[in-house]
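Results of the structural survey
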Amino acid sequence: MPDLQEFIITIGRQSYPVETRLNDDRFKRINSILRETCTEFDQSLDQEKLLALTCLQLAYKLEKISGSLRSLDKRLNDLILEEKLKRGATR
């Protein structure tokens with residue numbers, strides 16, 4: 001298991017130290033998503049509201065991605081079933 005590393009994340013006007021076992025590259029990608037999401041909001045909002053809106057937006061994006069993955073999984077399973085039925089019909 002990787003050692004704990006300390007990183008600094010910035011949301012709005014506040015920076016936060018975070019200890020994590022994520023490697024540098026993964027943390028950079030996650031932090032980039034966080035920064036991008038945070039910039040979708042008016043930066044003059046108070047810090048607490050900005051944190052809440054950023055969390056809600058990330059949860060919304062996660063829910064949207066989850067729905068897309070469920071749809072893709074269903075479509076793939078349907079295609080696999082169709083292929084199995086075709087193979088069975090040709091034998």
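Residues numbered from 1 in each chain as written. Predicted model: local features only at pLDDT ≥ 70, side-chain atom pairs only at ≥ 80, totals over all residues. Heavy atoms only, no water.

Some details on the pairing of strand 2 (residues 14–20)
The cut-off we apply is this: Any two strands are treated as partners once DSSP identifies two or more bridges connecting them. Labels follow the DSSP assignment, with helices taken as runs of H or I lasting at least four residues and strands as runs of E lasting at least two, numbered in each case from the N terminus.
Sheet topology note: the strand 1 (residues 5–11)/strand 2 ladder contains 7 bridges and is antiparallel. The partner of Q5 across the bridge, within strand 2, is T20. The antiparallel pairing of strand 1 with strand 2 creates a hairpin that spans 2 residues between the two strands, and G12 there sits at a positive phi of about 65°.

Comments concerning the state of the cysteines
In protein chemistry, a disulfide is the covalent bond that joins the sulfur atoms of two cysteines. Our working rule: Disulfides are defined as pairs of cysteine sulfur atoms found within 2.5 Å of each other. Any residue under 20% of the maximum accessible area for its type is buried, any over 50% is exposed, and the rest in between are partly exposed; the area is computed with a 1.4 Å probe on protein chains only.
Applying the stated criterion across every chain yields a total of 0 disulfides. Looking at C38, it has no disulfide partner, and the nearest cysteine sulfur is the one in C55, 10 Å off. The class for C38 is buried, based on a relative accessible area of 4%. For C55, a relative accessible area of 53% corresponds to the exposed category.

Observations regarding the packing of helix 1 (residues 24–38) against helix 2 (residues 47–89)
The line we're drawing: Note on method: axes are straight lines fitted to C-alpha atoms, helices fitted across the in-contact stretch only, with angles between N-to-C directions ranging 0 to 180 degrees. Relative orientations are named as follows: roughly parallel for angles under 35 degrees, roughly antiparallel for angles over 145 degrees, roughly perpendicular for angles from 65 to 115 degrees, and oblique for any other angle. We call a crossing left-handed when the near helix sits turned anticlockwise from the far one by less than a right angle, and right-handed when that turn is clockwise. Note on contacts: a residue pair is in contact if any heavy atoms of the two residues lie within 4.5 Å. Only Asp, Glu, Lys and Arg are considered charged in this grouping, and only Ala, Val, Leu, Ile, Met, Phe, Trp, Tyr, Cys and Pro are considered nonpolar; every other residue, Gly among them, is considered polar.
Viewed as axis vectors pointing N to C, helix 1 and helix 2 meet at an angle of 115°, and their least axial separation amounts to 9 Å. It follows that helix 1 is roughly perpendicular to helix 2 by the angle criterion. Considering the relative orientation of helix 1 and helix 2, their crossing is right-handed. For the pair formed by helix 1 and helix 2, the contact residues are I33, L34, T37 and C38 on the first element and L50, T54, Q57, L58 and K61 on the second. Along the lines of polarity and charge, the residues of the contact of helix 1 with helix 2 split into 5 nonpolar, 3 polar and 1 charged.

Observations regarding helix 1
For the record, the criterion: Multiplying 1.5 Å by the helix residue count minus one yields the expected span of that helix. By arc we mean the arc of the directions from the helix axis to the C-beta atoms, nothing more.
With 15 residues, helix 1 should cover 21 Å at 1.5 Å per step; its first-to-last C-alpha distance of 21 Å lies within 8% of that length. Regarding helix 1, the residues found buried are F27, N31, L34, T37 and C38. Taken around the axis of helix 1, the buried residues stretch over an arc of 120°, which confines them to a single face. Facing away from the buried side of helix 1, by more than 90 degrees, are the exposed residues D25, K28 and E36.

Interpretation note: all reported values are geometric properties and have no functional meaning in isolation.
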